[in-house]
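Descriptive structure summary
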Amino acid sequence: MSLQRQVFFWLGALALFIALVWLLQGMLLPFIGGLVIAYFLDPVADRLERLGLPRWAAASLILLGFIFIIVLAILLLVPMLGEQFNGLRERLPSIVASMQRILGELNQGWLGGMLTERIQTIQKSLGDYVGQGAQLLASFVSSIWSGSQAVIGVISVLIVTPVVAFYILLDWDNMIARVDSWLPRDHAEAIRGIFRDIDAAIAGFVRGQATVCFLLGLFYGSSLTMLGVSFGFLIGLCTGLASFIPYVGSILGFVVTISVALVQSWPDWHLPVYVALVFGAGQILEGYVLSPRLVGGSVGLHPVWLMFALLAAGSLFGFIGLLVAVPVAAAIGVLVRFALSSYLASPYYTGRVDHHDGGALPSDPSP
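Residues numbered from 1 in each chain as written. Predicted model: local features only at pLDDT ≥ 70, side-chain atom pairs only at ≥ 80, totals over all residues. Heavy atoms only, no water.

1. Points about the overall build of the protein
What the protein contains, in helices and strands, is 12 helices and 2 strands. When the helices and strands of the protein are placed in sequence order, the string is α-α-α-α-α-α-α-α-α-α-α-α-β-β. Out of the 367 residues in the protein, the part that is buried amounts to 35%. Put simply, of all contacts in the protein between residues at least 6 apart along the chain, 68% involve residues at least 24 apart. Roughly 22600 Å² of accessible area belongs to the protein as shown, and the carbon and sulfur atoms make up 72% of that amount. (Helix = DSSP H or I, 4+ residues; strand = E, 2+ residues; numbered from the N terminus. Buried < 20%, exposed > 50% of the residue type's maximum accessible area, 1.4 Å probe, protein only. Contact = heavy atoms within 4.5 Å. Areas by Shrake-Rupley, 256 points an atom, 1.4 Å probe, with all protein chains shown as cover.)

Here it is as C-alpha cells:
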C-alpha cells in the first residue's frame, strides 16, 4: 500500500473516531476520566511494581490512596470554597462599586494629573466589563455542566470512574503492547518515535504543570488566607489553577486579588503591598523551584494555542473536552512539528527530486 493511501486511511479513521466521540459524548465522561486518572498514576504503579508489588496490588493501593485524597479534599475544601464563591458572587457588585469609588478618589488625588482621562475611561467601563465577563463565565460553566451531566448523574460518574481507572491502570502495559502490534509495519518505528515525543510532551508539561499549578494554588490560597484577604483561599486556588496558562492566569489572579485587597483595606496600602509580595514570592517559587524540578525542559504550549484548545474543546465537548484539551493540544503540537520537519526535508521545500539511482537533481537545472 502506498504512503498516500495509508495517509487517507488513517485520516478517515481519525474522522470516524471524532464523529463517534461527538455522538457518544454524553456517556463518555467516566471513561475519559478513568483514562486520564490511569495515565497520570501509571508512573507510580510502575515504580511500585519495580519495588516488588504485583501490578494488581500496586493499582489497588494507588487508586485507594487517590480516592482517599479526593474524598478528603471534597469534605474539607468544597464547603469552604462553596461558601466563599457564594459570598464573592453576592459581593461582586459592591466590590465593583467600591473600585469605581477608589478610582474616582485617585482621579482627584496625586494620580489625577497623569492619568485623568485613562482613569475616567476605566471607571466608566469597569462595571460593564465585569458584568459581561461574569455573564460569559456563567454561560460557559452552565454549558459545560449541562453538557457533561445531561445523561449521567454525578453519583454514577463517581462510581464508574474509579472502576474504569483501576482496570485501565491494571492493564496499561498490555494495552500499550496491543496497540503497538496494530501499527503499520513499514512505519512502526517512526510512529513509535512520534508517540514517544507525545508521551514526553504530555508527561513533562501536562503532568508537571498540573502539579505546579496545584502547589501554587495551595501556596496562594493559604498565604492570602493568612493575610486576611476576603475570599483569599478561593481566589488563590483559582489563580494557581489558572496558571496552567502561562502569564495569563497569574496576571488575572494578581489583578483580582489586588482589587479585593484595595476595596477591603482602602485607604490603607499595607494589605495590597503584602499581596504583591505574596505574588512575587509565588513567581519566584514557580520559576526557580517548582517548574525546573517538575516540568524541566519539556516543550510547553503557547498560551494562545492553549487558551484556544481549552475554549474550543469545552464548547464542543463540555467537561469531557476540558479533560482532554491539553493532552490533545500537546499531541497536535508534536504532530505539527513532525509534519513541518518532514516538509522541510522533502522535495516540496528543497526543490530537489530524488531518483532511483540515489542521485538528486535541481528542479530547474540550468542548461
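2. A few points about helix α7 (residues 188-227)
In an α-helix, one turn spans 3.6 residues; hence positions three or four apart end up facing the same way. End to end, α7 covers 57 Å across 40 residues, agreeing with the expected 58 Å (1.5 Å per residue, within 8%). Taken from the residues just after α7, G228 is the one with a positive phi, measuring 90°. (Expected span 1.5 Å × (residues − 1).)

3. Quick notes on the pattern of salt bridges
Taken as a whole and assessed by the stated rule, the structure comprises 7 salt bridges. Residue D42 is joined to R55 by a salt bridge in which the shortest nitrogen-to-oxygen separation is 2.7 Å. Remark: R55 occurs in helix α3 (residues 55-108) and D42 occurs in helix α2 (residues 29-50); sequence separation between them is 13 residues. Judged by relative accessible area, D42 falls into the buried class, the value being 8%. (Salt bridge = Lys/Arg side-chain N within 4 Å of Asp/Glu carboxyl O.)

4. A short note on the nonpolar core
When a protein is soluble and globular, its nonpolar side chains tend to lie buried together. Within the largest apolar cluster, 29 residues are counted, with the highest numbers of intra-cluster contacts made by L169, I198, I202, V206, F244 and V326. Among the elements that make up this core, the one with the highest residue count is α7 (7 residues). In contact with I202, not counting residues within four places along its chain, are Y39, R207, P327 and A330. Within the second largest apolar cluster, 21 residues are counted, among which are L224, I235, V278 and F279. (Core = buried A, V, L, I, M, F, W, Y, C linked by side-chain atoms within 4.5 Å.)

5. Overview of the packing of helix α9 (residues 248-265) against helix α10 (residues 270-294)
Two elements in contact, α9 and α10, have axes separated by 8 Å at closest approach and are oriented at 160°. By the angle between their axes, α9 is roughly antiparallel relative to α10. Of the two elements, α9 crosses α10, and the hand of that crossing is right-handed. Residues S250, G253, F254, T257, I258, A261, L262, Q264 and S265 of α9 lie in contact with α10, whose contacting residues are L271, P272, V275, A276, F279, Q283 and E286. Split into classes, the residues belonging to the contact of α9 with α10 amount to 9 nonpolar, 6 polar and 1 charged. (Axes fitted to C-alpha atoms, helices over the stretch in contact; angles between N-to-C directions. Parallel < 35°, antiparallel > 145°, perpendicular 65-115°, else oblique. Left-handed = near helix turned anticlockwise from the far one by under 90°. Nonpolar A, V, L, I, M, F, W, Y, C, P; charged D, E, K, R; others polar.)

6. Some details on a nonpolar patch on the surface
Taken together, the side chains of L16, L20, W22, L23, L24, M27, F31, I159, V160 and L316 make up a nonpolar region of the molecular surface, amounting to roughly 970 Å² of accessible area. Of all the elements in the fold, those that place two or more residues in the nonpolar patch are α1 (3-24) and α5 (154-170). With 5 residues, α1 is the single largest residue contributor to the nonpolar patch. The residue L23 is located in helix α1 in this model. For L23, a relative accessible area of 66% corresponds to the exposed category. (Patch = residues over 30% accessible without salt bridge, like charges linked within 9 Å, V, L, I, M, F, W, Y side chains within 5 Å.)

7. A short note on the environment of V334
Here V334 shows up in helix α11 (residues 303-344). In this structure the C-alpha to C-alpha distance between V334 and D199, which are 135 residues apart in sequence, comes to 9.7 Å. Setting aside residues no more than four positions away along its own chain, V334 makes contact with I194, D197, I198 and A201.

8. Here we look at the packing of α2 against α7
When two helices pack together, their arrangement is given by the angle between the helix axes and by the axis-to-axis distance. Between α2 and α7, the least distance of the axes is 11 Å, while the angle of their chain directions is 95°. In terms of orientation, α2 lies roughly perpendicular with respect to α7. Only D199, I202, A203, V206, R207 and A210 of α7 make contact with α2, whose side of the interface consists of Y39, F40 and P43. For the contact of α2 with α7, the class distribution of residues is 7 nonpolar, no polar and 2 charged.

9. Re the side chain of R55
R55 gets classed as buried once you look at its relative accessible area, which sits at 11%. Look past the residues within four positions of R55 in its chain and what remains in contact with it is D42, A45, D46, E49, L169, L170, W172 and D173.

10. Quick notes on unusual backbone geometry
Phi at F231 takes a positive value of approximately 60°, unusual for a residue other than glycine. Take F231: it is sitting in the loop between α7 and α8 (232-242).

11. What to know about the confidence of the model for the protein
Of all residues in the protein, 76% have pLDDT values of 70 or greater, and the mean over the chain is 75. Counting interchain partners and residues more than four positions distant, the pLDDT-below-50 stretch residues 355-367 has 12 contacts. (pLDDT = per-residue confidence, 0-100.)

12. A closer look at the packing of aromatic side chains
Given two aromatic rings, their pairing is described by the distance between the two centres and the angle made by the two planes. One pass over the full model with this rule turns up 6 aromatic pairs. Ring centres of F254 and F279 lie 5.5 Å apart, and the angle between their planes is 75°; this geometry places the pair in the edge-to-face category. In this pair, F254 sits in helix α9 while F279 sits in helix α10, placing the two residues 25 residues apart along the sequence. The class of F254 is partly exposed, set by a relative accessible area of 31%. According to the relative accessible area criterion, F279 is buried, its value standing at 4%. Members of the aromatic cluster, joined through ring pairs, are F219, Y220, F254 and F279. (Phe/Tyr/Trp six-rings, centres within 6.5 Å; stacked < 30°, edge-to-face > 60°.)

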